[in-house]
Amino acid sequence: QVQLVESGGGLVQAGGSLRLSCVASGRIFSINAMAWYRQAPGKQRELVASITSHGNSNYTDSVKDRFTISRDNAKNTVYLQMNSLKPEDTAVYSCNADVSTTTNYGYRYSRNFWGQGTQVTVSS
């Protein structure tokens, strides 16, 4: 099937930066949209940023002008550059991808896949 693996999370002081990476592997025919979500304790999961296969991106208001999403289609990878981090950015960040995949017999279908998540902690 398809697997998504995130990396780059960690502990950083307010005002610092982190760069998250998410690599997709497996039975991939093509990847359409990719996105980063986050969920803080006691809070609902929210969409942080998304990017289409052509590079068009969108951001939630709270991270605009601070975060940048990008992708490398040749590597099936999406990145999230996070600058000027704030304590309220603390959350588990998860990668999501809309993937066109195949069965063992070559039948093609599309569905969403999720990574396991990576912890981002911003101290004040």
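Procedures and definitions
Residues numbered from 1 in each chain as written. Predicted model: local features only at pLDDT ≥ 70, side-chain atom pairs only at ≥ 80, totals over all residues. Heavy atoms only, no water. Phe/Tyr/Trp six-rings, centres within 6.5 Å; stacked < 30°, edge-to-face > 60°. Helix = DSSP H or I, 4+ residues; strand = E, 2+ residues; numbered from the N terminus. Buried < 20%, exposed > 50% of the residue type's maximum accessible area, 1.4 Å probe, protein only. Lys NZ or Arg CZ within 6 Å of the ring centre and 35° of its normal. Core = buried A, V, L, I, M, F, W, Y, C linked by side-chain atoms within 4.5 Å. Contact = heavy atoms within 4.5 Å. Pairing = 2+ DSSP bridges.

Draft legend 1. Local environment of the packing of aromatic side chains. Per the counting criterion, the structure on display carries 1 aromatic pair. Note on tyrosine 37 and tryptophan 114: the rings are 4.9 Å apart at their centroids and 55° apart in plane angle, and the pair reads as tilted. One end of the pair, tyrosine 37, is in strand 4 (residues 28–39); the other, tryptophan 114, is in strand 10 (residues 108–114), with 77 residues separating them in the sequence. Judged by relative accessible area, tyrosine 37 falls into the partly exposed class, the value being 21%. One cation-aromatic arrangement involves arginine 108 over phenylalanine 29; the distance from NZ or CZ to the ring centre is 3.6 Å.

Draft legend 2. Region of interest: the nonpolar core. Counting residues in hydrophobic clusters, the biggest one holds 28 residues, and the most contacted among them are Leu4, Trp36, Phe67, Val78, Leu80, Met82 and Tyr93. Of all the secondary structure elements, the ones that give two or more residues to this core are strand 1 (2–7), strand 3 (18–26), strand 4, strand 5 (46–51), strand 7 (67–72), strand 8 (77–82), strand 9 (91–102) and strand 11 (118–123). Take this core: its biggest share by element is 5 residues, from strand 9. In contact with tyrosine 93, not counting residues within four places along its chain, are Glu6, Leu20, Trp36, Tyr37, Arg38, Val48, Phe67, Leu80, Met82, Gly117, Thr118 and Val120.

Draft legend 3. Spatial organisation of the pairing of strand 9. Of all 12 residues in strand 9, 9 are buried; the element is thus mostly enclosed. Summarising the sheet, strand 4 and strand 9 pair through 9 bridges and their orientation is antiparallel. When the sheet's bridge partners are listed, tryptophan 36 is paired in strand 9 with cysteine 95. Across 3 bridges, strand 9 lies against strand 11 in antiparallel orientation. Bridging from a neighbouring strand, alanine 91 pairs with valine 120 of strand 11.

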